[in-house]
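Chain by chain, the residues run as shown.
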Amino acid sequence: MIEGLHLVEEAYKNKVLKIVLSNDELLLNKFTDVRTILVNNQIIEKLSNTTTPQNVLGVVDIIENKFELVDKYLILDGVNDPGNLGTIIRTSLALGVNHLILSNNTVDVYNDKVIRATQGAIFKANIFYTDLEDIYIKLKQNNIKIITTSLEANKTLNDLERIDKFAIVVGNEANGISNVSKEYADELIIIPMKNNIESLNVGIASGIILYGVLNKWVTLKELYMYY
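This text gives an overview of the structure that appears in the document. Bear in mind the structure is a predicted one, so any value in this text is a computation, not a measurement.

Let us now look at the overall build of the protein chain. When helices and strands are counted, the protein chain shows 9 helices and 11 strands. Seen through its C-alpha atoms, the protein chain measures out along the principal axes to roughly 60 × 45 × 40 Å. Sorting the 227 residues of the protein chain into buried and exposed places 42% on the buried side. Here the analysis covers contacts within the protein chain between residues at least 6 apart in sequence; of these, 72% occur between residues at least 24 apart. Here the protein chain displays about 12800 Å² of accessible surface, and carbon together with sulfur accounts for 48% of that area.

So, in structure tokens, the structure goes:
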């Protein structure tokens, strides 16, 4: 179940919307090829998970994604906060990393708070849950570097060399990455910080690291274009 016009429209654009419910008949007419149901305010309030419900709800397909071999991944190792997960998904998509691998103990991606925080990005991402050790073995077999964040790291994001095929791992809000992630990591890194700040929110940290890894280096082709 999703709530609000923006989310419903995003689900419709991405062809996962199955049913639309609203108290506004004109609004329902916008959605063709899906089932529409005119309801009253009492039904909307009953179905809604929010304190102040919006006047449109939708039912979407749960997409069963599978592992695909690509060059760039974001791996979430035990992220528990729904708001953080939603923010990370949206940020990852905005920066061009569409494949997210979630450990089995990460919060449910279809939690209503997660969905709202993604603002519709969830419908464009390839997201799936799995045992991380199995994935790490596959990644290493395909020469994909595993970069994990850790307060124990002796290398900062600034020290990292150019990597074209990578999987970035971020961990639990309280405990960081798991021992399995540390064991398979090719690089342990930390974000350089000032003013005695020791750590950042995992959603903020994910965005900084993704941006740094993706945009830190100028390719030879791009360098040639300047001259």
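Structure's up, so let's keep going.
Moving on, we come to the sheet that holds strand 11 (residues 187-190). Sheet architecture is open: 7 strands sit in the order 7-6-5-10-8-11-9, paired in parallel fashion. Looking at strand neighbours, the two that pair on one side only are strand 7 (126-130) and strand 9 (155-156), the edges of this open sheet. When strand 8 (residues 145-149) meets strand 11, the two strands line up parallel, connected through 3 bridges. By the bridge assignment, Thr-149 is partnered in strand 11 with Ile-189. Together, strand 5 (72-77), strand 6 (99-103) and strand 7 form the strand contacts of helix 4 (residues 82-94), whose direction differs from that of strand 6 by roughly 155 degrees.

A word on unusual backbone geometry. A positive phi angle is found at Asp-33, which is not glycine, with a value near 70 degrees. Take Asp-33: its relative accessible area is 79%, and that puts it in the exposed class. You will see that Gln-119, though not glycine, has its phi angle at about 55 degrees, which is positive. In this fold, Gln-119 is placed in the loop between helix 5 (112-118) and strand 7. A relative accessible area of 36% places Gln-119 in the partly exposed class.

What follows deals with the sheet that holds strand 1 (residues 2-3). Overall, mixed pairing links the 4 strands, which are arranged 1-4-2-3 in an open sheet. Looking at which strands have only one partner, the edges of the open sheet turn out to be strand 1 and strand 3 (35-38). Two strands pair when backbone bridges link them, and strand 2 (residues 17-22) and strand 4 (residues 56-60) are joined in this way by 5 bridges, in the antiparallel orientation. Its bridge partner being in strand 4, Val-20 is matched across the sheet by Gly-58.

Cut-offs and rules
- Residues numbered from 1 in each chain as written.
- Predicted model: local features only at pLDDT ≥ 70, side-chain atom pairs only at ≥ 80, totals over all residues.
- Heavy atoms only, no water.
- Helix = DSSP H or I, 4+ residues; strand = E, 2+ residues; numbered from the N terminus.
- Buried < 20%, exposed > 50% of the residue type's maximum accessible area, 1.4 Å probe, protein only.
- Contact = heavy atoms within 4.5 Å.
- Areas by Shrake-Rupley, 256 points an atom, 1.4 Å probe, with all protein chains shown as cover.
- Pairing = 2+ DSSP bridges.
- Axes fitted to C-alpha atoms, helices over the stretch in contact; angles between N-to-C directions.

Geometry only, nothing functional implied.
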